[in-house]
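Residue strings, one per chain:
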Amino acid sequence: MTIIAPSILAADFAKLGEEARAVEAAGADWLHVDVMDGHFVPNITLGPDIVKALRSHVSIPFDVHLMIAPVDPFLEAFREAGADIISVHPESGPHLNRTLKRIRELGAKAGVVFNPSTPPEVIEWMMDEVDQVLVMSINPGFGGQSFMRSQLAKITRLRAMIDATGRDIPLEVDGGVNPETARLCVEAGATALVAGTAVFKGGPSAYADNIRALRGPSPGGA
Ligand code: DX5
Ligand code: ZN
């Protein structure tokens, strides 16, 4: 079944603990945490202290998406704060391979994030060091943007690269994911979906239905 990772970027920031608990109760598999520095992307969100404060509120894995540069000096702080998966953009440091190794040394899963312009070949020579692949279907920085269909072919290409490894590497998509675009992503080979707007719209009473809608019809038709 497709992994659903609600992005707390779209939650009520005055009630983050409550919001995290609500999406976990509504069936979320992971909590996606968007970290922005106002430098690598044109927006500022949150840092390791908030990740740490949130950690005790839920038990699902924290899928931490770092949109900061330089990224290396902050890996340890996010791991100590409770990040289970740490994903980085190749453009956020000089040595992607070294960064991935460091994330693993810290005991987290190492993810690589692809901006719309980043080619899949960036990881071609380091598939052994990658635990997760995250394809951005928007330019990073803000929630609520429209899904870029141009990225579907990249998802297909990365699916083939992952399959060739024989390893079970999650292929996640982030940006403009709604029930309609979710289906396109899964058809292209995605196994995990990040969604901010599509999960948090309508408030807590709608979260379970919103998450179900993203998973699509169950195989049994129920
Ligand atoms: C944007 C973030 C996304 C964002 C997605 O840079 O990486 O995770 O929250 O928001 P929606 O689902 O609203 O496009
Ligand atoms: Zn994200």
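Note: the structure precedes this text.
A few points on the structure. From a predicted model like this one, the values you see are computed outputs, not experimental measurements.

1. Some remarks on the sheet that holds strand E6 (residues 132–136)
Link 1 in the chain: With parallel pairing, eight strands are arranged side by side in an open sheet as E1-E8-E7-E6-E5-E4-E3-E2. The open sheet has two edge strands, strand E1 (3–6) and strand E2 (31–36), and neither has a second partner. Adjacent strand axes in the sheet meet at a mean angle of 25°, parallel and antiparallel pairs treated alike.
Link 2 in the chain: In the packing of helix H4 (residues 96–105) onto the sheet, the strands contacted are strand E4 (85–88) and strand E5 (109–114), and the crossing angle to E5 comes to about 145°.

2. Quick look at the pattern of salt bridges
Link 1 in the chain: Tallied over the entire structure, the rule returns 12 salt bridges.
Link 2 in the chain: Arginine 102 is paired through a salt bridge with glutamate 105; the nearest N and O atoms lie 3.0 Å apart. Taken together, the residues span about one helical turn, with arginine 102 and glutamate 105 both in helix H4 at a distance of three residues.
Link 3 in the chain: One salt-bridge network, in which partners are shared between bridges, spans Glu76, Arg102 and Glu105.

3. Re the site of ligand 1
Link 1 in the chain: As a structural note, the neighbourhood of ligand 1 is formed by 21 residues, with Asp34, Asp174, Gly176, Gly196 and Thr197 the closest of them.
Link 2 in the chain: Here an oxygen atom of ligand 1 and a side-chain polar atom of histidine 65 are 3.2 Å apart.
Link 3 in the chain: Threonine 197 places a side-chain nitrogen or oxygen 2.4 Å from an oxygen atom of ligand 1.
Link 4 in the chain: For the shell around ligand 1, the secondary structure elements donating two or more residues are E2, strand E3 (62–67) and strand E8 (192–195).
Link 5 in the chain: Looking at which element gives the most residues to the shell around ligand 1, the answer is E2, with three residues.
Link 6 in the chain: The class makeup of the residues in the shell around ligand 1 is nine nonpolar, 10 polar and two charged.

4. Comments concerning the coordination of the zinc ion (ligand 2)
Link 1 in the chain: Surrounding the zinc ion (ligand 2) are the protein donor atoms His32 (NE2), Asp34 (OD), His65 (ND1) and Asp174 (OD), which sit 2.0 to 2.3 Å from the metal.
Link 2 in the chain: Of note is the zinc ion (ligand 2), whose six donor atoms meet at the metal with angles of 68 to 167° in an arrangement that counts as octahedral.
Link 3 in the chain: Along the chain, the residues donating to the zinc ion (ligand 2) are arranged with the sequence spacing H-x1-D-x30-H-x108-D. Residue histidine 32 is located in strand E2, and its partner histidine 65 is located in strand E3; the two are separated by 33 residues in the primary sequence. For the pair histidine 32 and histidine 65, a shared accessibility class is recorded, and that class is buried.

5. Notes on the nonpolar core
Soluble, globular proteins show a tendency: their nonpolar side chains are buried together.
Link 1 in the chain: Counting residues in hydrophobic clusters, the biggest one holds 64 residues, and the most contacted among them are Leu66, Val88, Ile123, Val133 and Ile155.
Link 2 in the chain: Ranked by the residues each element gives to this core, the list is headed by helix H5 (residues 152–165), at five residues.
Link 3 in the chain: Among residues more than four places away in sequence, those in contact with isoleucine 155 are Val135, Leu171, Val173, Cys185, Ala188, Gly189 and Ala190.
Link 4 in the chain: One finds Trp30, Ile85, Leu134 and Met136 within the second-largest nonpolar core, a separate group that totals 10 residues.

6. So, the packing of aromatic side chains
Link 1 in the chain: Summed over all chains, the structure comprises one aromatic pair.
Link 2 in the chain: Centroid distance phenylalanine 200 to tyrosine 207: 5.1 Å. Interplanar angle 70°. Geometry classified as edge-to-face.
Link 3 in the chain: Cation over ring: arginine 55 sits above phenylalanine 62, and NZ or CZ is 3.9 Å from the ring centre.

Scoring rules and cut-offs
- Starting afresh in each chain, residues are numbered from 1 along the sequence in its written order.
- The naming scheme follows written order: chains are lettered A onward, ligands numbered 1 onward.
- This being a predicted model, a pLDDT of at least 70 is required before a residue's local features are given, and a value of 80 or more before pairs of side-chain atoms are given or counted; all residues contribute to the totals for chains, interfaces and linings.
- Based on all heavy atoms of the structure, the side-chain values leave hydrogens and waters out of the count.
- The pairing criterion is simple: DSSP has to find at least two bridges between the two strands.
- Under the DSSP-based scheme used, a helix requires at least four consecutive residues in state H or I and a strand at least two consecutive residues in state E, with every element numbered from the N terminus.
- Lines fitted to the C-alpha atoms define the axes, with helices restricted to the stretch that makes contact. Angles between their N-to-C directions range from 0 to 180 degrees.
- In this analysis, two residues are considered to be in contact whenever any of their non-hydrogen atoms come within 4.5 Å of each other.
- The salt bridge definition used is simple: a Lys or Arg side-chain nitrogen within 4 Å of an Asp or Glu carboxyl oxygen.
- By convention in this text, a residue qualifies as near a molecule or strand provided that one of its non-hydrogen atoms is within 4 Å of it.
- Contacts described as polar in this section are N or O atom pairs within 3.5 Å, which, within protein, must combine one atom able to donate a hydrogen with one able to accept it, while residues neighboring in sequence count only if both atoms come from side chains.
- Side-chain classes are defined by residue name, with Ala, Val, Leu, Ile, Met, Phe, Trp, Tyr, Cys and Pro counting as nonpolar, Asp, Glu, Lys and Arg as charged, and the others, Gly among them, as polar.
- Metal donors: N, O and S atoms at distances within 2.8 Å, or within 3.2 Å for Na, K and Ca, with water omitted from the atom set so that some sites may seem incomplete.
- A four-donor site is called tetrahedral if each angle lies between 85 and 135 degrees; a four-donor site is square planar, and a six-donor site octahedral, when trans pairs exceed 155 degrees and the remaining angles lie between 65 and 115; all other cases are labelled irregular.
- Relative accessibility decides the category of a residue: with a 1.4 Å probe and only protein chains considered, values under 20% of the type maximum give buried, values over 50% give exposed, and everything between is partly exposed.
- Buried Ala, Val, Leu, Ile, Met, Phe, Trp, Tyr and Cys residues that are joined via side-chain atoms within 4.5 Å together make up what is termed a nonpolar core.
- Pairing of aromatic rings covers Phe, Tyr and Trp, the last counted by its six-membered ring, and requires centre-to-centre distances within 6.5 Å; plane angles under 30 degrees mean stacked, over 60 mean edge-to-face, and any other angle means tilted.
- Only when the NZ atom of a Lys or the CZ atom of an Arg is both within 6 Å of the ring centre and within 35 degrees of the ring normal do we say a charge sits over the ring.

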